[in-house]
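Chain by chain, the residues run as shown.
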Amino acid sequence: MSWQSALLSMVGGMGLLLYGMYVLSEGLQKIAGKKLREALTSLTKNRIIAMGLGSLVTILFQSSTATTVILVSLTSASIISLRQTLAVILGSDIGTTVTAQLIALKATEISLPIVGIGATIIFFSKKHKHKRIGQVLIGFGLLFLGLKIMSDTMYPLRNDPAFEKLLLQMSDRPMLAMALAAVFTFLVHSSAATIGIIMLLAMQHMITLEPAIYMLFGANIGTAFTAILSSLGSSRESQRVATAHLLFKVIGVLLFMPFVSPLAVLMTKITANAGFQVANVHTFFNIAIAVLFVPFISQFAKFLEYIVPDKKEAGAEVKPKYLDESLFGSPELAIGMATKEIMHISDHVTDMMKDIYPLLRNFDQDLAEKLHQKEHHIDVLSTASNKYLTHLLRQQLSKDEFNKTMGLVHIVRDYEYIGDIIEKNLMSKAASKYLNNLDFSEEGHKDIRTMHDKILELLHLVNTCFATNSCQLAEKARALQEEDIVDLEFRLRMTHIARMQRGAQETENTSFIHMDVINAYLRISEHLKNIAMALTDEVSCTWHDEALILTPPSEMWSSSGNHNSVER
């Protein structure tokens, strides 16, 4: 075989391997993505369970790099803490060793039947769930088919003088071999691919175990650089996660390097199979690192906080905390991040609502500036969230995922409208009252405070409903707006007119301002009801005679369509 044809076959085999890993990872994320975020959040508090979860996720995704990148995203979004993440990383490194063991078992021989089974499932299944299982099988089969092609390509090169010379130089220069393996792993973003090639070289007796061990060390270091790249520009917490992965590998390699020869002797005594020797070294190395670092995770986290300190913010400009475009391949995770960002927006809206009545009572320029800044923050976050959700809608989504995303688009819009009403209506009325040296009567203040408290009650209810995705709370919010607040607005308007008829001077002077304030509060309540109704649409449920019944989303929107009549 010529060098040209060998090179082309190697590139083709590598392409199949990497594409197979991509298809496998994407399929598994679609199957498991819905529960992944919840599992990582709830099960990582115990470091041993967190290690097991990291191993399981990496075995499924066939990539510790994919797991680490997801961890960087979740840590950046403050979903899980640095201490929780470290144990998962150690477990993910153990999970990567399963691929090596499968290669040693010569799973490459069954690659074509696996691809055939996967393709059959995809072509003849009607359910998306079954199609994704077929996708996983095709990815798994393509991964090992790529390895088989590379193996078949390498075999004739055993007797090629130039190739023998290259391998001899690598054997004589272990540091060079380690560096080349690290660079190659970084370029292909896959330690599994590099380790597969190392194992093929060892299984065909092209290299001995010692240079293979050094190349394994390089592959382990190289896989950490992808996470470093993904963390650039992210939060300090996510940069600490990526740095931790790199330090785990580098420290582990430095500790193992003096014992390469004894380790090689030990592995040859355990088994004479060259493939299993390399796979066992890889497994032993990562388990040893995990055992070494797990007892000291808290201390290591403090060390990372020291070497990667928090940024000193130059300004107070707000930025999205949870939006991560790298999660578009896992729609459920992306929807979860968008949901948390909208909760972030709702926090700013709540802050504005709490402060607006004190401003109406006694105008204060500093408080007014604070509210203007909050409204600007809401605009920035709403724009970023809307852009994120629009991009997410362009991905391949299931019907449920599409409905959830569309619901979030409407919810973002209504929270932004509430911020606009507070700034453009309520704040302007407070300023007008102050500039014209006017004030409400005590009865007028009491009425506005009553309306304000009722709107705050509705806002807290809607925020809780959004956080818990509760149909019951959504119905309670709708009833509160339609029955209590609308009725309250009518009664307050009538009492105001009654005061005017009595000739109260303060009431006459502030009549237009008073009525506009009450109306602005009513409009805010309409938008809060829209948010509650969007949530009922998202989970496809409504109420009739206090019983839950399923209704199509289109009917739900038409039933809540009165939000179009709200003055914007």
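Residues numbered from 1 in each chain as written. Predicted model: local features only at pLDDT ≥ 70, side-chain atom pairs only at ≥ 80, totals over all residues. Heavy atoms only, no water.

Brief notes about the overall build of the protein
Right, on to step 1. Regarding its fold elements, the protein presents 23 helices and two strands.
Right, on to step 2. Considering the protein as a whole, with its 568 residues, one finds that 53% of them fall into the buried category.
Right, on to step 3. A sequence separation of at least 24 residues applies to 80% of the contacts in the protein between residues at least 6 apart.
Right, on to step 4. Looking at the protein as shown, the accessible area adds up to about 25800 Å², and 60% of this sits on carbon and sulfur atoms. (Helix = DSSP H or I, 4+ residues; strand = E, 2+ residues; numbered from the N terminus. Buried < 20%, exposed > 50% of the residue type's maximum accessible area, 1.4 Å probe, protein only. Contact = heavy atoms within 4.5 Å. Areas by Shrake-Rupley, 256 points an atom, 1.4 Å probe, with all protein chains shown as cover.)

With respect to the packing of aromatic side chains
Right, on to step 1. Within this structure, the stated rule accounts for eleven aromatic pairs.
Right, on to step 2. Centroid distance F217 to F285: 5.3 Å. Interplanar angle 45 degrees. Geometry classified as tilted. Residue F217 is found in helix α11 (residues 209-231), and its partner F285 is found in helix α14 (residues 274-293); the two are separated by 68 residues along the sequence.
Right, on to step 3. By relative accessible area, which is 1% here, F217 ends up buried. (Phe/Tyr/Trp six-rings, centres within 6.5 Å; stacked < 30°, edge-to-face > 60°.)

Side note on the packing of helix α5 (residues 97-104) against α14
Right, on to step 1. Where α5 meets α14, the axes come as close as 8 Å, and the angle between the chain directions of the two elements is 170 degrees. Taken together, the axes of α5 and α14 are roughly antiparallel relative to one another. Regarding α5 and α14, the two cross each other, and that crossing is left-handed. Contacts from T97, A100, Q101 and A104 in α5 reach G275, F276, A279, N280, H282, T283 and N286 in α14.
Right, on to step 2. Across the contact of α5 with α14, the residue classes break down as four nonpolar, seven polar and no charged. (Axes fitted to C-alpha atoms, helices over the stretch in contact; angles between N-to-C directions. Parallel < 35°, antiparallel > 145°, perpendicular 65-115°, else oblique. Left-handed = near helix turned anticlockwise from the far one by under 90°. Nonpolar A, V, L, I, M, F, W, Y, C, P; charged D, E, K, R; others polar.)

Notes on helix α20 (residues 471-501)
For an α-helix, the turn length of 3.6 residues means that residues three or four places apart are oriented alike.
Right, on to step 1. The first and last C-alpha atoms of α20 sit 44 Å apart over 31 residues, in line with the 45 Å expected at 1.5 Å per residue.
Right, on to step 2. Q481 marks where α20 bends most, by close to 30 degrees.
Right, on to step 3. The distance from a side-chain oxygen at the start of α20 to the backbone nitrogen of Q472 is 3.4 Å, and the residue carrying that oxygen is S470.
Right, on to step 4. Among the residues trailing α20, G503 stands out with phi positive, at a value near 85 degrees. (Expected span 1.5 Å × (residues − 1). Bend = angle between axes of the 7 residues up to and from the residue. Polar contact = N/O pair within 3.5 Å; in protein donor to acceptor, adjacent residues only side chain to side chain.)

Quick look at the pattern of salt bridges
Right, on to step 1. Applying the stated criterion across every chain yields a total of 17 salt bridges.
Right, on to step 2. Of the charged contacts, one joins D487 and R491 as a salt bridge, the two residues approaching to 3.1 Å between their closest N and O atoms. In this pair, D487 and R491 are both assigned in helix α20, four residues apart and thus about one turn of the helix distant.
Right, on to step 3. The class for R491 is partly exposed, based on a relative accessible area of 44%. (Salt bridge = Lys/Arg side-chain N within 4 Å of Asp/Glu carboxyl O.)

Examining the confidence of the model for the protein
Right, on to step 1. Here the protein shows a mean pLDDT of 79. Residues at 70 or above account for 78%.
Right, on to step 2. No element of the protein has a lower mean pLDDT than strand β2 (residues 547-550), at 34, and none a higher one than helix α13 (residues 260-270), at 91. (pLDDT = per-residue confidence, 0-100.)

Description of unusual backbone geometry
Right, on to step 1. Phi is positive for H205, close to 60 degrees, though the residue is something other than glycine.
Right, on to step 2. Locating H205 in the fold gives a position in the loop between α10 (191-203) and α11.
Right, on to step 3. Although it is not a glycine, N437 adopts a positive phi angle of roughly 55 degrees.
Right, on to step 4. Counting through the fold element by element, N437 comes out in the loop between α18 (399-435) and α19 (442-468).

Observations regarding the packing of α18 against α19
Right, on to step 1. With their axes 14 Å apart at the nearest point, α18 and α19 run at an angle of 155 degrees to one another. One way to sum up the angle between α18 and α19 is to call them roughly antiparallel. Judged by the sense of rotation from one axis to the other, the crossing of α18 with α19 is left-handed. Facing L408, I411 and Y415 of α18, the residues of α19 in contact are L459, V462, N463 and F466.
Right, on to step 2. Across the contact of α18 with α19, the residue classes break down as six nonpolar, one polar and no charged.

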